[in-house]
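Report on the structure
Chain by chain, the residues run as shown.
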Amino acid sequence: IGAELGPHDIIAFNDYENGLAYAKKVGKPVLIDFTGYACVNCRKMEENVWSEPDIYEILKDEYILISLYVDDNEKQLPKEQQFDYLKKNGKVKKIKTVGDKWSTFQVINFKNASQPYYVLLSPDLEILNNTQQYTDRDTYYNWLKEGLTTFYEK
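These lines cover the structure that appears in this document, whether it is placed above or below.

Cut-off values and rules
Residues numbered from 1 in each chain as written. Predicted model: local features only at pLDDT ≥ 70, side-chain atom pairs only at ≥ 80, totals over all residues. Heavy atoms only, no water. Helix = DSSP H or I, 4+ residues; strand = E, 2+ residues; numbered from the N terminus. Rg over C-alpha atoms; globule rule 2.2 N^0.38 Å. Buried < 20%, exposed > 50% of the residue type's maximum accessible area, 1.4 Å probe, protein only. Contact = heavy atoms within 4.5 Å.

A word on the overall build of the protein
- From N to C terminus, the protein includes 5 helices and 8 strands.
- Counted from the first residue to the last, the protein has its helices and strands arranged as β-β-α-β-α-α-β-β-β-α-β-β-α.
- A compact globule built from 154 residues should have a C-alpha radius of gyration of about 15 Å, and the protein, at 15 Å, falls within 12% of that.
- Across its three principal directions, the C-alpha atoms of the protein cover 45 × 30 × 30 Å.
- Burial status across the protein gives 44% buried among its 154 residues.
- Across the protein, contacts joining residues at least 24 apart in sequence account for 63% of those joining residues at least 6 apart.

Quick notes on the environment of Glu 146
- Along the polypeptide, Glu 146 turns up in helix α5 (residues 137–153).
- Along the primary structure Glu 146 and Leu 128 are separated by 18 residues, whereas in three dimensions their C-alpha atoms are 8.0 Å apart.
- Residues in contact with Glu 146, not counting those within four places in the same chain, are Leu 128 and Asn 129.

Structure (structure tokens):
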């Protein structure tokens, strides 16, 4: 299915399209996790918030996790997926790596370039809640629950 084990052995997709296709197949909402290998606050969220039993259960059972590493500059995109992106300031950004792809995807779609950055989506690309960044346990829990409520009310 194109997934691997993420933090706390939660099944995670590292490709947006594959994760979205799987979410459609199983009828679950998506948690997009814009993260980075070198992101200290991302690790803090995973260690201190995602590890909480009630949050862990929601992440494991209720959402399809898509973790997009914006600093993955080791994995080159296939030549046919590489392109030049013209930024608003007129400069060209060469999209050559997986990290280039996901960081640009985050900026274009969510007007944000910081991590961690979390987005809840339906498999039909409806945003289920406001976006979330580094936060405390209770705020994150309530945010996840609100996203589920919105998803199942549709």
